Amino acid sequence: MPETAISSEEVAKKLAVTDSWLTDEWITRKTRIVSRRYAAPGEATSDLAARAAEQALERSGLAATDLDYLIVSTSTGDSPQPPTAHLVQKEIQAYRAACLDINVVCSGFVYALALAQGLVAQRPGSHALVVAAEVYSRFVDFTDRRTAALMGDGAGAAVVGQVPEGRGFLGFELAGRGDAHGLIRVEAGGSRIPASAETVADGGHFLRMEGQDVRNFVNENLPPAVRTLTDAHGLTLGDVQHFVPHQPNGVMLDELVEHTGLEKAQSHRTVEQYGNMGSASVAYTLHDANLRGQLGEGDLVLLAGFGGGMSLGAGLLRWGGSR
């Protein structure tokens, strides 16, 4: 996590320039978010990613030179080129690893884990480092309460390798809906609308989101994906002991648990303290649950990411013990 905590009161003061009625009480009531972290000036996505990577390696007992693959999930990379994964590789000196970025926005950590599992399975004994990192504070428009109240910066990482029989990932369910791609977007800065003085002046490089439509999309599409995943492995929703979802906002999470039928599972949340960190949300929330000792040996954990694209990713994990 970046060191700088930004309270909802501070965000409300910035938004009040255009929405004079807006208060931190409104933000907390609508989102449950009390604070979030912002990267320091000069601190980029690769810096947060590298620190998370080093912590994951330390907990795994591996050195950076033991890595065969390095996958970074981010929609807020340091620059269009080179891939942020290569900047992280340089920082941690993981020079044996093949590196790549993926951008599936808030589903990215789950997608990256699925990719890492496949790579490790086809080369037994190999190890992949998956890092999810975002610096959304550079893409927030403080005249737009729909995004400015929600977004924060952060990173999380995990080492993927062989585990004992009966532990680790049981499977994944991934889906994309490009027909809904406009619900979450950064419109300028790519090959269709290149950066220019006009795009900067018009706010084309800021994150835009159709909040209610996003909520409806997730509530309609995530529950059947989760049921497909559990059915494929002969499990029921009642077998799931821990639910680790992306953290878009707290009110949406309350609804999602009910819509998905996971009331019996322990739902893990960090959104109140850290806001919406994009693809880093699932990674950091799983880490937080582990640190708190809430995950037991053999517990069934459901990871769920959802967001821009639109995209969905769910993974079932049989917990093998804490580090």
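You'll find the structure just up there.
Small disclaimer: the values here were computed from a predicted structure and weren't measured.

Draft legend 1. Examining the overall build of the protein more closely. Each helix and strand in the protein was counted, giving eleven helices and 13 strands. For the protein, the C-alpha radius of gyration of 19 Å lies close to 20 Å, the compact-globule estimate for 323 residues. Here the protein holds 323 residues, and 53% of them are scored as buried. A sequence separation of at least 24 residues applies to 75% of the contacts in the protein between residues at least 6 apart. When the accessible surface of the protein is totalled, it reaches about 14,100 Å², and 49% of it is carbon and sulfur.

Draft legend 2. Quick look at the sheet that holds strand 11 (residues 266–267). Strand order in the open sheet formed by five strands is 7-13-12-10-11, with mixed pairing between adjacent strands. Every interior strand has two partners, whereas the edge strands, strand 7 (168–176) and strand 11, have only one. With two bridges connecting them, strand 10 (residues 242–245) and strand 11 associate as parallel partners. Bridged to phenylalanine 243 within strand 11 is serine 267.

Draft legend 3. The arrangement of the sheet that holds strand 4 (residues 98–102) in detail. Taken together, the four strands give an open sheet; going across it, the order is 4-3-5-6, and neighbouring strands pair in mixed fashion. Each edge of the sheet is formed by a strand with only one pairing partner; in this case those strands are strand 4 and strand 6 (153–160). On average, each strand axis in the sheet is tilted by 15 degrees relative to the strand beside it, whichever way the strands run. Here helix 3 (residues 45–60) sits on the sheet in contact with strand 5 (128–135) and strand 6, set at roughly 35 degrees to strand 6.

Draft legend 4. Summary view of the nonpolar core. Ranked by internal contacts, the top residues of the largest apolar core, which has 47 residues, are Ile27, Val214, Val218, Leu222, Phe243 and Leu302. At the level of elements, helix 1 (8–15), helix 2 (24–31), helix 8 (211–232), helix 9 (250–260), strand 12 (300–307) and strand 13 (311–318) are the ones that each hand at least two residues to this core. Element by element, the count of residues in this core is highest for helix 8, at six residues. Val282, Val301, Leu303 and Leu317 belong to the second-largest nonpolar core, a separate cluster that totals 27 residues.

What counts and how
Residues numbered from 1 in each chain as written. Predicted model: local features only at pLDDT ≥ 70, side-chain atom pairs only at ≥ 80, totals over all residues. Heavy atoms only, no water. Helix = DSSP H or I, 4+ residues; strand = E, 2+ residues; numbered from the N terminus. Rg over C-alpha atoms; globule rule 2.2 N^0.38 Å. Buried < 20%, exposed > 50% of the residue type's maximum accessible area, 1.4 Å probe, protein only. Contact = heavy atoms within 4.5 Å. Areas by Shrake-Rupley, 256 points an atom, 1.4 Å probe, with all protein chains shown as cover. Pairing = 2+ DSSP bridges. Axes fitted to C-alpha atoms, helices over the stretch in contact; angles between N-to-C directions. Core = buried A, V, L, I, M, F, W, Y, C linked by side-chain atoms within 4.5 Å.

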